Amino acid sequence: MQKDSDRNDRNQLLDKISSDETSMGRRSYLRMAGVALGSMAAAGAAAESASAATTVRGISFDRVLNAADFCDTSGNRDCSNAIENRLSSGTLIKFPKGTYRISSTISTGSMNNVGLYSEEGATFEIPSGNHVTVFFNRGGRNVLFEGFTIDQTARGAFANMKILCRDNGQIRNVEIVGRAPNADDRLDQHILADVYDADGTSIIKNFKAADGGVLGAYRNSSGGIQAGPSHEGTLRIIDCHLEEMANNGIYATRCKGAIQVEGGIYRNNDVAQVRLMGPNSYVEDALIEIDMSKARDNPGTPRKMRGLWVETKQSKFSGTKNGGHARNCTFIVRDSPNSLEAIDLDETGGFFEVDNCYFVIDRDNTRAITAYGPEDKASNYPKAPKPWDLTVKNSSITGSAADRESIKIINRPGSTIENTCIQQTANGRDGVTVVNAGDCYVGESTINVDGRAVREVDTNVQTQAIETSGSCPLPGDGDLSSGSDSDSDSTDSDSDSTTTDATEKKTHELVVNGEGGTELINYEFSVSGTVSQTDSPGEDTVEGSTVSGAVRAGIDSFEFTGEITSFSIDGSALLTLDGEEVTPEDLGGSSDSSTDSGSTDSSTDSSTDSGSTDSSTDSSTDSGSTDSSTDSGSTDSSTDSSTDSTDSPDTLTIETAEGGPLVEYEFTVDGTVSKGSGAESSDTLESSNGTTTVTGKAGNGYADDFEFDGELTAFSANVDADNYTVLVNGEEIDPSSVGSSDSDSTATTHELVIDGEGRSELTNYEFSVSGSVSQTDDPGEDTVEGTTVIGAVGGGLDSFDYTGEVTDFTIDGPAKVTVDGEEVDPSTLGSSDSTDSTTDSSTDSSTDSTVETATKLTIDGMGTEDLATYEFSVSGDLALLTEADNDTVSGSTAKGQTREGLDEYRFTGNLTAFSLDGPARIYLDEMKVESN
């Protein structure tokens, strides 16, 4: 384990940037300073003896026992009972280095001032087939478990810890090795931690479990850390490392208390890496990563992987809660079978702030942030109380992801995106989409995307000082906005000290990769702060702030603070800085001599307002002269449009469907027209008497674009409008309305998603719309024919953009269906004759009579330790809505079991039979019912 250095302030925590191994190696922990237990009885002594009272981690102990006096240190005989029998309030048992077999749970009851401790690094070995709680305290105070490796590598072995304390429970410097099994029954998380006292605090620090569980097994394999409904105090989770957990990395939403995640690595955990919410809850200085290319030969397949999931189960505890933040974090989504976003602000989630975070989103159709519209997810999962706004500031979003948008906000009024840089230029990528949310603001930001910078759906967004070109620096490395000179100068002067502090504190990762070569490559570099090697040193040396090393076929990795001040290398190697490939010339060109703008590159200060570390682009993209000419003086106060100048020409774009027919179009402008970058030489412009007529062709997914000054008076094409899309200033219009009195109206684009939610069976569907429809994900087995879609979904999801309304929808199996981010009952789609899809009052009575009302059935395990099993049948259709761990649906009958979770079903017709064995609450829609 790593040397444990307590820090007085969470603002001094270091970023943990992506690496396959962390610095939490056992060798450094064994040199831990400042913790002494006094003299102990020698190992193997014939008689047991207790030493004098001592204090460890601020906890006073009356006596200290040496485990070697009564345990076999070679692991040949079980030591569980011998340990438990000697524990009492005031007792600390010290474990010398050795192996201790633990075959059964070690319970301390509700004892106070009790602990198990190893300064030298002892191993608890779990025998094959045993499921053991190696340390269990319920209701005590001042409880310590520190310094152990827990070996669960034996077949079917599993171990965990439970500190369900009133105050001051501590788990420190513990590592679990070996993957948790896929068991026949449910497994708990590796750590269950509650703080019963509202003013109490417990700590989990330097806990590592990188072997994880069996992905996809969910409750039958393990999760990482969980706080339950009895948690009312504060739980601090510091510098932990959790990977490939089957049931969340950190699961802490069913509780009233605060969850404070500080530092650490959370990678490739199923369901979510971190799951929390609350006004005093946060995640700071952490790496949250989804990249299955780094998986450790996991035998399972993940169900659905989220980064940070902000949600709550309010019914699981008294009262309500809201809020939280993510700060100074790195979010990465690369190789994933099913991730939709790095941050999922759930329907039950309240307000949330993202500050100074860095996103790398390389997976297509995956957002950095989705803020779903607040709603009750079930009768006992109500949405959080207001406010519901999302704030994103001082952050960067980069990566190669195509399609969808970087940020989507649904029905969350008052949301703000500011001083944020988005650079995602792959095909079909929009910047920020806001749906049905008033009083939202996007400004002082760079949004460099292939599609629209800001997309408004059923709302108007206030925009200001948005730059649509340029690259994104790391947060803390410079100004992320593109405001005017005066604005930038003000921001710089205000942020001088904080930017310098953040640069000094931020931990970066440098990797030198020999890529399997045979020649030895020598290198040397220096940094302005601290540096440490995170892999096995080999022939490499670290002297102060300078590293001298050599690499051949493998990888050398380092963590450092400050900046690289010099770098030299005598051969060819792949260099990455914070996961991004760099050249030797990119390194060593900066110093700590920041100037007024907070720039880390002193050579570009005079011409750069943003402080970007990319010296090759600063002077030409973000200079103060450019800012002042585009943003500060050109905004017309009489207009609310998102363009920066009333003199700017309008844009018209004709987009075609891939595989669709050739679109031959013609349009007329009462003014001038010029070609954009997408228009072809074959497209013609003819001007006469102040009127310009454009004739062109486009097809197979290509788009033609033009700029025009004047009024668009006519538009026609040789094919139906469902084969192409016309955009004016980035907003879709109805081409048939051009020239009419209501030509300013625009057609609203909706998003429909059919989510298989990780199921193995294939669900077929078909739907039609009254306008146009296009698929936004990989089509696979799905086809779009005119206004009709025929498709099938398995464990993933299918997504579509459409205009008009859904006129018909059929589906033959279970799936979650959402429209504009809101879950809908598939049976209600296409059931209305109204032109307004949100209006129910105008449904035709003949249509109503053919639609069966769907009922939601919820079985709530109530968080008890006892398993509830159930079986029921219905007279109509039946579908499972939640994750199908031990639950099955066969025709109109369902069988399942639950303990702490919720199982939800939707059915039509009547409930014809129901049996329940065990404690659970049953709900039909909003009403609690008796199981009989």
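Residues numbered from 1 in each chain as written. Predicted model: local features only at pLDDT ≥ 70, side-chain atom pairs only at ≥ 80, totals over all residues. Heavy atoms only, no water.

This next bit is on the overall build of the protein. When helices and strands are tallied, the protein shows 6 helices and 73 strands. Here the protein, with 932 residues, has 56% of them falling under the buried criterion. The long-range fraction of contacts in the protein, counting pairs at least 24 apart against all pairs at least 6 apart in sequence, stands at 75%. By element, 42% of the accessible surface of the protein is carried by carbon and sulfur atoms, the whole surface being about 35600 Å². (Helix = DSSP H or I, 4+ residues; strand = E, 2+ residues; numbered from the N terminus. Buried < 20%, exposed > 50% of the residue type's maximum accessible area, 1.4 Å probe, protein only. Contact = heavy atoms within 4.5 Å. Areas by Shrake-Rupley, 256 points an atom, 1.4 Å probe, with all protein chains shown as cover.)

Two cysteines form a disulfide when their sulfur atoms are joined by a covalent bond. Counted according to the given criterion, the structure contains 2 disulfides. Bridging C71 to C79, the disulfide has an S-S length of 1.5 Å. Here C421 is linked by a disulfide to C472, with a sulfur-sulfur distance of 2.0 Å. Note on the C421 and C472 pair: the S-S dihedral is about -80°, so by sign convention the disulfide is left-handed. Pair noted here: C421 is in strand β35 (residues 421-424) and C472 is in the loop between β39 (461-467) and α3 (485-505), with a separation of 51 residues, a long-range link. Taken individually, C421 and C472 each receive the classification buried, so the pair is uniform in this respect. (Disulfide = S-S within 2.5 Å.)

Bringing the sheet that holds strand β55 (residues 731-733) into the picture now. Consider a sheet: its strands pair through backbone hydrogen bonds, and that pairing is either parallel or antiparallel. Within the open sheet, the 7 strands sit side by side as β51-β52-β50-β53-β49-β54-β55. Their pairing is antiparallel. Because the sheet does not close on itself, it has two edges, and the strands there are β51 (684-688) and β55. Direction aside, neighbouring strands of the sheet carry axes that sit 40° apart on average. The pairing of β51 with strand β52 (residues 691-698) spans 5 bridges and is classified as antiparallel. Of the residues in β52, the one forming a bridge with L685 is V694. (Pairing = 2+ DSSP bridges. Axes fitted to C-alpha atoms, helices over the stretch in contact; angles between N-to-C directions.)

Taken together, the 4 strands give an open sheet; going across it, the order is β43-β44-β41-β46, and neighbouring strands pair in antiparallel fashion. Both outer strands of the open sheet, β43 (541-543) and β46 (564-569), are each paired with one neighbouring strand and no more. Each strand of the sheet is rotated relative to its neighbour by a mean of 10°, with strand direction disregarded. Here 3 bridges tie β43 to strand β44 (residues 546-551), and the two strands are oriented antiparallel to one another. Each residue of the ladder has a partner; that of T541, found in β44, is S548.

Below, the discussion takes up the nonpolar core. Residues I83, F145, F207, L308 and F359 are the most contacted members of the largest nonpolar core, which totals 98 residues. Contact partners of F207, with chain neighbours within four places excluded, come to M161, V174, I176, H190, I191, I225, D239, C240, H241 and L242. Y665, V669, A698 and V728 belong to the second-largest nonpolar core, a separate cluster that totals 20 residues. (Core = buried A, V, L, I, M, F, W, Y, C linked by side-chain atoms within 4.5 Å.)

A word on the environment of E580. Locating E580 in the fold gives a position in strand β48 (residues 580-582). Residues E580 and L510 lie 70 residues apart in sequence; the distance between their C-alpha atoms is 9.5 Å. The residues contacting E580, other than those within four sequence positions of it, are R334, Y358, V360 and L575.

Turning our eyes to something else, we now look at the packing of aromatic side chains. One pass over the structure, following the stated rule, counts 26 aromatic pairs. Counting every residue linked through ring pairs, the aromatic cluster contains F95, Y100, F124, F135, F145 and F148. For R86, the ring lying beneath its charged end belongs to F70, and the centroid distance is 4.3 Å. The positively charged end of K386 is found above the aromatic ring belonging to W388, 5.2 Å away from the centroid. (Phe/Tyr/Trp six-rings, centres within 6.5 Å; stacked < 30°, edge-to-face > 60°. Lys NZ or Arg CZ within 6 Å of the ring centre and 35° of its normal.)

The next subject is the side chain of T459. Note on placement: T459 falls in the loop between β38 (454-457) and β39. Separated by 2.8 Å, the side chain of T459 and the backbone oxygen of A437 make a polar contact. Not counting residues up to four positions away in its chain, the partners in contact with T459 are V434, N436, A437 and G438. (Polar contact = N/O pair within 3.5 Å; in protein donor to acceptor, adjacent residues only side chain to side chain.)

Remember that side chains alternate between the two faces of the sheet whenever the strand is regular. Within strand β24 (residues 305-310), 6 of the 6 residues are buried, which leaves the element mostly enclosed by the surrounding structure. Both strand β21 (residues 271-276) and β24 contribute to a ladder of 5 bridges, which runs parallel. The residue bridging V274 from the neighbouring strand is L308, located in β24. Strand direction decides the pairing type here: β24 and strand β27 (residues 341-345), joined by 3 bridges, are parallel. Each bridged residue has a counterpart across the sheet, and for V310 the counterpart in β27 is L345.

In this model, the protein carries a mean pLDDT of 80, and residues with pLDDT of at least 70 account for 78%. Below a pLDDT of 50 lies the segment residues 482-505, which in the model reaches 46 contacts outside its immediate sequence neighbourhood of four places, other chains included. Scored below 50 in pLDDT, residues 589-646 makes 104 contacts in the model with residues more than four places away or belonging to other chains. (pLDDT = per-residue confidence, 0-100.)

Moving on, we get to the pattern of salt bridges. Taken as a whole, this structure holds 28 salt bridges when the rule is applied. Salt-bridge contacts for D755 lead to K304; the nearest nitrogen and oxygen are separated by 3.7 Å. Linking D755 in strand β56 (residues 749-755) with K304 in the loop between β23 (287-290) and β24, this pair joins segments that are 451 residues apart in sequence. Take D755: its relative accessible area is 6%, and that puts it in the buried class. Across the pair K383 and D376 runs a salt bridge, and its minimum N-O distance is 3.7 Å. Its relative accessible area of 30% is what places K383 among the partly exposed residues. (Salt bridge = Lys/Arg side-chain N within 4 Å of Asp/Glu carboxyl O.)

Attention shifts here to the pairing of strand β11 (residues 158-165). Within β11, 8 of the 8 residues are buried, which leaves it mostly tucked inside the rest of the structure. Side chains F158, N160, K162 and L164 project from β11 onto one buried face, and the interleaved A159, M161, I163 and C165 project onto a second face that is buried too. By the bridge criterion, 7 bridges tie strand β9 (residues 131-138) to β11 in an arrangement that is parallel. Within the sheet, the bridge partner assigned to F136 lies in β11 and is K162. Looking at chain direction, β11 and strand β13 (residues 191-195) are connected through 5 bridges and run parallel.

What follows concerns the environment of S915. Looking at the element boundaries, S915 is found in strand β71 (residues 911-917). For S915, a relative accessible area of 39% gives the class partly exposed. C-alpha separation for the pair S915 and Y870, spaced 45 residues apart in sequence, amounts to 5.5 Å. The residues touching S915, leaving out its near neighbours within four places in the chain, are T869, Y870 and E871.

With that settled, the discussion passes to unusual backbone geometry. In this chain, K386 is followed by P387 through a cis amide linkage whose omega measures 5°. Tracing the chain through its elements places P387 in the loop between β30 (367-371) and β31 (390-393). The phi dihedral of N113 is positive, around 50°, even though this residue is not glycine. Looking at the element boundaries, N113 is found in the loop between β7 (99-101) and β8 (114-125). With a phi angle near 60°, N168 is a residue other than glycine that sits in the positive phi range. With respect to the helices and strands, the residue N168 is situated in strand β12 (residues 167-177). Its relative accessible area of 17% is what places N168 among the buried residues.

Tracing the sequence through the fold places N723 in the loop between β53 (703-717) and β54 (724-728). Spatially, the C-alpha atoms of N723 and A657 are 6.3 Å apart, while their sequence positions differ by 66 residues. In this structure, N723 is in contact with T656, A657, P661 and V663, ignoring residues within four places of it in sequence. Within the local environment of N723, its side chain forms a polar contact with the side chain of D722, the two groups lying 3.3 Å apart.

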